[in-house]
Amino acid sequence: MAALGSGSAGTAITMRNAVFRLVLARAAATLDNPSDRDELAMAEAFGGIAFDQLEPGQRQRIGTAVRDGLLRLGRDVSAGVGLDEPVYRDIQAKLAELAAFLDAHLGQGDPRSV
């Protein structure tokens with residue numbers, strides 16, 4: 001299992017490692033900053049992201065990229081795009097739960113403000 005967390009709020013949400021890797025791959029593809037991509041590689045290796053541990057600028061960039069990665073994965077699943085990892089049929093519900101977590105703990109409802 002992998003986790004997205006906001007330690008300052010004392011909350012985290014878990015997901016299957018496969019989903020985490022799929023989201024991170026899509027998120028990394030949107031990032032220009034090598035240190036941001038390195039942070040995602042570390043998150044994958046450690047099995048989670050603690051957003052509150054990132055400096056504010058990086059938190060915003062990575063949070064936005066992860067939120068966008070969730071949306072892109074949802075679109076890919078809906079479109080029947082072949083994935084590198086197996087996912088359950090109810091993946092859309094989990095992606096919605098993850099997006100709601102990010103909105104609530106990072107962006108207050110606006111994915112661009114993460």
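Above this text you will find the structure in question.
Chemist: Got a minute to help me understand helix α3 (residues 56-79) in this structure?
Modeler: Residues spaced three or four apart along an α-helix face the same direction, because each turn holds 3.6 residues. The first and last C-alpha atoms of α3 sit 34 Å apart over 24 residues, in line with the 34 Å expected at 1.5 Å per residue. Two or three places before Gly 57, at the opening of α3, Glu 55 has a side-chain oxygen 2.9 Å from that residue's backbone nitrogen. Phi for Gly 80, located one or two positions after α3, is positive at around 75 degrees.

Chemist: So what exactly am I meant to see when it comes to the pattern of salt bridges here?
Modeler: Side chains carrying opposite charge are able to pair once their charged atoms draw close together. Following the criterion strictly, the structure yields 6 salt bridges and no others. Across the pair Glu 85 and Arg 21 runs a salt bridge whose closest N-O atoms are separated by 2.6 Å. Remark: Arg 21 occurs in helix α1 (residues 17-28) and Glu 85 occurs in the loop between α3 and α4 (91-107); sequence separation between them is 64 residues. Measuring nitrogen to oxygen at the nearest pair gives 3.8 Å for the salt bridge that ties Arg 61 to Glu 55. Residue classification places Arg 61 among the partly exposed residues on the basis of a relative accessible area of 33%. In this structure, a network of salt bridges that share partners links the residues Asp 36, Glu 55 and Arg 61.

Chemist: I would appreciate a short explanation of the pairing of strand β1 (residues 2-6) in the present structure.
Modeler: Sheet faces and side chains relate simply in a regular strand, where the side chains alternate between the two faces. Burial within β1 is extensive, with 4 of its 5 residues counted as buried. One ladder, built from 5 bridges, connects β1 with strand β2 (residues 11-15); its direction is antiparallel. Looking across to β2, one finds that Leu 4 is bridged to Ile 13.

Chemist: Sorry if this is basic, but what is going on with the sheet that holds β2 here?
Modeler: What links the strands of a sheet is backbone hydrogen bonding, and the strands pair in either a parallel or an antiparallel sense. The strand order β2-β1-β3 describes an open sheet built from 3 strands, whose pairing is mixed. Bordering the open sheet on either side are β2 and β3 (48-50), each of which pairs with just one other strand. For this sheet, the mean angle separating the axes of adjacent strands, direction not counted, is 10 degrees.

Chemist: Quick question: what am I supposed to make of empty space enclosed by the protein here?
Modeler: A water-sized probe rolled over the atoms picks out the places where empty space is left. Taken as a whole and judged by the stated rule, the model has 1 cavity of 30 Å³ or more. The volume enclosed by the largest cavity comes to roughly 30 Å³. Taken together, Leu 4, Met 15, Phe 20, Val 23, Leu 24, Val 66, Leu 70 and Leu 98 make up the full set of residues lining the largest cavity. Where the lining of the largest cavity is concerned, the elements lending two or more residues are α1 and α3. Of all the elements, α1 adds the most residues to the lining of the largest cavity, at 3 residues. For the lining of the largest cavity, the residue count by class is 8 nonpolar, no polar and no charged.

Chemist: Is there a simple way to think about helix α2 (residues 34-46) in this case?
Modeler: When the terminal C-alpha atoms of α2 are compared, their 18 Å separation across 13 residues agrees well with the 18 Å that a helix rising 1.5 Å per residue should span. Considered for burial, the residues of α2 that qualify are Asp 36, Leu 40 and Ala 43. One side of α2 carries all its buried residues, which in axial view fall inside an arc of 55 degrees. Exposed residues on α2 whose side chains face more than 90 degrees from its buried face are Ala 45 and Phe 46. Just beyond α2, the residue with positive phi is Gly 47, at close to 80 degrees.

Quick notes on the rules
One numbering rule holds for all chains: residues counted from 1, following each sequence as written. Local features in this predicted model are restricted to residues whose pLDDT is 70 or higher, and side-chain atom pairs enter the listing and the counts only when it is 80 or higher, whereas totals over whole chains, interfaces and linings include all residues. As a rule here, side-chain values come from all non-hydrogen atoms in the structure, and water together with hydrogens is ignored. For helices the rule is a DSSP run of H or I covering at least 4 residues; for strands it is a run of E covering at least 2, with both sets numbered from the N terminus onward. Each helix should span, by expectation, one fewer than its residue count multiplied by 1.5 Å. Counted as a polar contact is a pair of N or O atoms within 3.5 Å, where, for protein atoms, one must be capable of donating a hydrogen and the other of accepting one, and residues adjacent in sequence contribute only when both atoms are in side chains. Definition used for salt bridges: Asp or Glu carboxyl oxygen within 4 Å of a side-chain nitrogen of Lys or Arg. Residue exposure (1.4 Å probe, protein chains only): buried if accessible area is under 20% of the type maximum, exposed if over 50%, otherwise partly exposed. For two strands to be treated as a pair, DSSP must find no fewer than two bridges joining them. Lines fitted to the C-alpha atoms define the axes, with helices restricted to the stretch that makes contact. Angles between their N-to-C directions range from 0 to 180 degrees. Put plainly, a pocket is an open set of points on a 1 Å grid over the protein atoms alone with protein on both sides within 12 Å along at least five of seven lines, a cavity is a set where a 1.4 Å probe fits but cannot get out, and a lining residue has an atom within 4 Å of a point. Grid points are joined across faces, edges and corners, and a volume is the space filled by probe spheres set on the points. The classification used treats Ala, Val, Leu, Ile, Met, Phe, Trp, Tyr, Cys and Pro as nonpolar, Asp, Glu, Lys and Arg as charged, and all other residues, Gly among them, as polar. Arc, as used here, means the arc of the directions from the helix axis to the C-beta atoms.

Everything listed here is a matter of geometry and, on its own, says nothing about what the molecule does.
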